[in-house]
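Chain and residue survey
Single-letter residue listing:
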Amino acid sequence: MEQPTGFVFAIDAVTRHVNSARPDAPIVPDPPRTPRLSGARHLAAVTLRRLADQIQPAPRTATPHCTR
């Protein structure tokens, strides 16, 4: 009793698989992704930027140029 049902499902699955590679196959867009950990990423970026600002060497003061 289960084999005819499995056969029908198998034929349907194979048909869908084979037809999906056709040039006129329907295009199903990917669902939009929700951003994960955006708050943590923003906090890490701000922290790293502040750390880089502290580690960066101070700009050199302008030395007087010789005038002739």
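The preceding data block contains the structure.
Below is a summary of the structure that appears in this document.

Here is what the cut-offs are and how they apply
Residues numbered from 1 in each chain as written. Predicted model: local features only at pLDDT ≥ 70, side-chain atom pairs only at ≥ 80, totals over all residues. Heavy atoms only, no water. Helix = DSSP H or I, 4+ residues; strand = E, 2+ residues; numbered from the N terminus. Rg over C-alpha atoms; globule rule 2.2 N^0.38 Å. Areas by Shrake-Rupley, 256 points an atom, 1.4 Å probe, with all protein chains shown as cover. Salt bridge = Lys/Arg side-chain N within 4 Å of Asp/Glu carboxyl O. Buried < 20%, exposed > 50% of the residue type's maximum accessible area, 1.4 Å probe, protein only. Patch = residues over 30% accessible without salt bridge, like charges linked within 9 Å, V, L, I, M, F, W, Y side chains within 5 Å.

**Looking at the overall build of the protein**
- Secondary structure summary: the protein contains two helices and zero strands in total.
- The C-alpha atoms of the protein give a radius of gyration of 32 Å, which is well past the 11 Å a tight globule of 68 residues would have.
- Seen through its C-alpha atoms, the protein measures out along the principal axes to roughly 100 × 35 × 15 Å.
- As presented, the protein carries roughly 7,600 Å² of accessible surface, and 63% of it is formed by carbon and sulfur atoms.

**Considerations on the pattern of salt bridges**
- Under the criterion given, the structure shown has two salt bridges.
- In this structure, the salt-bridge partner of Arg-16 is Asp-12, at a minimum N-O distance of 2.4 Å. In this pair, Arg-16 and Asp-12 both sit in helix α1 (residues 2-19), four residues apart, roughly one turn of the helix.
- Judged by its relative accessible area of 57%, Arg-16 falls in the exposed class.
- Residue Asp-12 is classed as partly exposed on the basis of its relative accessible area, which comes to 34%.

**Things to note about the environment of Ala-58**
- In this structure, Ala-58 sits in the segment after α2 (38-55).
- Sequence separation of Ala-58 and Gly-39 is 19 residues, and the distance between their C-alpha atoms is 31 Å.

**Let's talk about a nonpolar patch on the surface**
- Taken together, the side chains of Phe-7, Val-8 and Ile-11 make up a nonpolar region of the molecular surface, amounting to roughly 310 Å² of accessible area.
- Turning to its location among the elements, Ile-11 is positioned in helix α1.
- With relative accessibility at 44%, the residue Ile-11 sits in the partly exposed group.

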